[in-house]
Amino acid sequence: MTDTLIPNGCKTNGPVENGCFKKGCNPFAQTGRSKLQNKRAVLNQKIIKQMRMRAGAENLLKATSNNKVREQVVLELSYVNSDLQLLMEQLEGLNSSVEVYQNVQETASIPLIPLGLKETKDVDFSVPLKDYILEHYSEDGSNFQDQIDDLMDLRQACRTPSRNPSGVDLLANYFSQLSFLEARFFSPTRQLGIFFTWYDSFTGMPVCQQNISLEKASMVFNMAALYSQIGTRADRQTQAGLEDAIAAFQKSAGVLHFLKETFTHTPSYDMSPAMLSMLIRLMLAQAQECMFELITLPGIRNEFFSLLKMAQEAAKVGETYSQVHQSMIQAPIKNNVPFFWTTMSHLKTNHYNSLAHYFVSTALLDHQLTPSDDEDKQEKAFSQLYDIMPEGRSPLDILKNKDDRRRIGKAHLQRSIMGHEEAIRTHSCCRHLQKLDILSDILQASLKRSLTKFDQNDKEDEFTDYMLAPDIISKTEKKAEMEITAAIKVKVTDLFHRLGPLSVFSAKQRWSAPRTIRLRLQERDLGFTLKGDVPVQIQSLDPLCPAAAEGLKEGDYIVAVGDTECKWLGVSDVMKLLKDVDEEGVDIRVVSMMDSSSQPMPTKSATYCSGLSKTYSMICLAHDEDDKNPKSRKVAKKPSFLSWGLKNKKSSSTLSLPSADYNGPWNRPTYPNSYNESALY
């Protein structure tokens, strides 16, 4: 799943090249990334199994009054919750396994955090689409079996995209096909019967809907995740690799922003506005970190202005990670984000702030203002370093006074040492961070460098209390910004192009069954004229002509002349087919547009998320006995969980995010308790 690999025993020039592995990766390839993704899929299945057991146990607890049964059910629930806790810890471990996504040649760079791909279940489009084509478009659905197979193969390939721009293009192609699919088959007044199931990237909780917006939003999320994996994989020891990483993380942030602004009230918490805002900050912070590495790649000159510049650049990286960390520790995000992510962001905040203080101390301790130096230039650069100058002194006075420079420089060294020590302490608090030997070596080397600098400038007879160094103003030459990539929407060929122009033949329109009309000339006149682009319409129909007598109506669309399909033919092309009509005439097929407002509204489709015990059992468990006798069952009105989608649609959502409160023994991650309906999402 890292690159396109051919399984053992498969030839390189066979059906593999023309099958579902043509653009996606081989799901049987045992790479490190594929093993992680396979483990994620297995964990998702185990989580949904435990949720079924919990839903059944809670239903039984509500239904029974037998004390012994209730005690046994409560005990079983405690076991189920414990199992769910263990499964969630395993899933958190997968989200913390960042070393698999790093470049294999990385030996001196702090690891970056990628997003994991959302997992999904297989979807069979065949029967629903063929039935809909027959019912709505009055065509034989089996004639479109090849197109349906191509669609299913494309979706299957999207589950294992390659970690390169080709993989992003693959996801973008399917996303664009979904727009055509939605317009062709997903009517706003009826359900097609296709269920899309996706798992939360952080909690593994399943979400199932008939709304195709869930499929589109999940595909956009995976595009952002794939960009983050591309950025993580880049070789950050080279300029080209760092530039690729910066572009990838900025594109990932742009795709996440597109997802946040386009799809609102998503039922999966990993795509909620709060979580997406945090992920956008994380991607931009990592892009800013790569920009800092790009600046320092040629080396840092031990020169006054260069050191001050590097100090403010490092402070900018620390500031962005501080904002990320503050977002991660806010409820309810902190209950869903892996602890590894939170500690890593806190660690990088301390690390880069410590680097900033080290650079300032080096500039003050190693360089003195001499008569040959430009005082005004140094004063201006130094004055832009702080909000308030230390002890209210002027910048020029500090620069000219050797003792003040030394005292302030040692104060910055102290803050650098304390920051590095805090980063090392944070590193020791997370078992997943402890596995990253490269990170430990970098932190230890940074601390040792600051301690060495402090020892070099420490005097045994000096007993002066050290001042607290002020914070450094962050500043950067190039700020990381979101990049809205054009790859989100690419031009693709509609797989169901033969159904006709989408502006006319769509799911929103209703059509009569095709009627065959025999056209005969009457005084060398057909009795009507044609208008429109494609397909053509009947206009100026003579009510006394033979065609009108056979049932031709004003406004009918011509879909075929004889054996020739005319849905994509203009007026001139259709006239060429009709000009050779002889005395026997020619058969044409026409359809009439019907009033769409008379269609009945659809019944609510079953949609489940983790805590929805009733709708969940409707799909994944057996139907309740009460469902067999609907007359004797009281149905409580539930808010619809399908009223989400594009932002400009006139639909309000009743979805609420998961509640952070949970009174049971299981605190993290927070699953909605079915007893508390306000916690359902």
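Chemist: Where do I start with helix α5 (residues 145–158) in this structure?
Modeler: Every α-helix winds through 3.6 residues per turn, so residues three or four apart in the chain are directed the same way. Compared with the 20 Å implied by 1.5 Å per residue over 14 residues, the 20 Å span of α5 between its first and last C-alpha is a close match. When we look at burial in α5, the residues that qualify are Gln147, Ile148, Leu151, Leu154, Arg155, Ala157 and Cys158. Packed against the buried residues of α5 are α4 (126–136), α6 (165–185), β1 (196–199) and α7 (212–233).

Chemist: Just checking my understanding: could you explain the pairing of strand β2 (residues 206–209) for this structure?
Modeler: Two faces, one strand: in a regular strand the side chains alternate between the faces of the sheet. Burial along β2 is two-sided: Pro206 and Cys208 and Val207 and Gln209, pointing in opposite directions, are all buried. Relative to β2, β1 is paired through 4 bridges, and the arrangement is antiparallel. Pairing of Thr197 across the sheet is with Cys208, part of β2. If you look at the hairpin formed by β1 and β2, you'll find 6 residues sitting between the two strands, and Gly204 has a positive phi there, around 75 degrees.

Chemist: I'm lost on the packing of helix α9 (residues 273–296) against helix α10 (residues 304–328) in this one. Help?
Modeler: Relative placement of two packed helices is described by the angle separating their axes and the distance separating the axes. Taken N-terminus to C-terminus, the directions of α9 and α10 make an angle of 160 degrees; their axes are 9 Å apart at the nearest point. Here α9 lies roughly antiparallel to α10, going by the angle between them. With respect to the hand of their crossing, α9 and α10 are arranged in left-handed fashion. Here Met278, Arg281, Leu282, Ala285, Gln286, Gln288, Glu289, Phe292, Ile295 and Thr296 of α9 lie close against α10, whose contacting residues are Met310, Glu313, Ala314, Lys316, Val317, Thr320, Tyr321, Gln323, Val324, Ser327 and Met328. The class makeup of the residues in the contact of α9 with α10 is 11 nonpolar, 6 polar and 4 charged.

Chemist: Looking at this model, I keep getting lost on a negative patch on the surface. Mind explaining?
Modeler: Together, Asp146, Asp149, Asp150 and Asp153 make up a region of like negative charge exposed at the surface. Turning to its location among the elements, Asp149 is positioned in helix α5. Take Asp149: its relative accessible area is 31%, and that puts it in the partly exposed class.

Chemist: Would you take a moment to explain the confidence of the model for the protein for this structure?
Modeler: As a general rule, the predicted coordinates of low-pLDDT regions are not to be interpreted in detail. For the protein, the average pLDDT comes to 79, and 78% of its residues sit at 70 or higher. Residue range residues 1–22 is modelled with pLDDT below 50. Its contacts to residues more than four positions away, or to other chains, number 44 contacts. Here residues 601–681 is modelled with pLDDT under 50, and outside its nearest four sequence neighbours on either side it reaches 166 contacts, counting other chains as well.

Chemist: Could you clarify how one ought to interpret unusual backbone geometry in this entry?
Modeler: Negative phi characterises most residues that are not glycine, and trans characterises most peptide bonds. Of note, the bond from Ala331 into Pro332 is cis; its omega dihedral lies within 30 degrees of zero at 0 degrees. As for its placement among the helices and strands, Pro332 is situated in the loop between α10 and α11 (339–366). Here Ser138, not a glycine, exhibits a phi torsion of approximately 55 degrees, which is positive. Relative to the elements of secondary structure, Ser138 occurs in the loop between α4 and α5.

Chemist: Just to check I follow, could you spell out the nonpolar core for this structure?
Modeler: Buried together is how nonpolar side chains tend to be arranged in soluble globular proteins. Membership of the largest hydrophobic core comes to 135 residues, with the highest contact counts inside it found for Phe125, Leu129, Leu181, Phe185, Leu279, Trp341 and Phe496. For Phe496, the residues in contact, after removing those within four places along its chain, are Leu129, Ile133, Phe144, Gln147, Ile148, Leu151, Leu181, Arg184 and Phe185. Grouped together as the second largest cluster of nonpolar side chains are 21 residues, Phe528, Val536, Ile558 and Cys566 included.

Basis of the calculations
Residues numbered from 1 in each chain as written. Predicted model: local features only at pLDDT ≥ 70, side-chain atom pairs only at ≥ 80, totals over all residues. Heavy atoms only, no water. Helix = DSSP H or I, 4+ residues; strand = E, 2+ residues; numbered from the N terminus. Expected span 1.5 Å × (residues − 1). Buried < 20%, exposed > 50% of the residue type's maximum accessible area, 1.4 Å probe, protein only. Contact = heavy atoms within 4.5 Å. Pairing = 2+ DSSP bridges. Axes fitted to C-alpha atoms, helices over the stretch in contact; angles between N-to-C directions. Parallel < 35°, antiparallel > 145°, perpendicular 65-115°, else oblique. Left-handed = near helix turned anticlockwise from the far one by under 90°. Nonpolar A, V, L, I, M, F, W, Y, C, P; charged D, E, K, R; others polar. Patch = residues over 30% accessible without salt bridge, like charges linked within 9 Å, V, L, I, M, F, W, Y side chains within 5 Å. Areas by Shrake-Rupley, 256 points an atom, 1.4 Å probe, with all protein chains shown as cover. Salt bridge = Lys/Arg side-chain N within 4 Å of Asp/Glu carboxyl O. Lys, Arg positive; Asp, Glu negative; His and termini not counted. Charge placed at Lys NZ, Arg CZ, Asp CG, Glu CD. pLDDT = per-residue confidence, 0-100. Core = buried A, V, L, I, M, F, W, Y, C linked by side-chain atoms within 4.5 Å.

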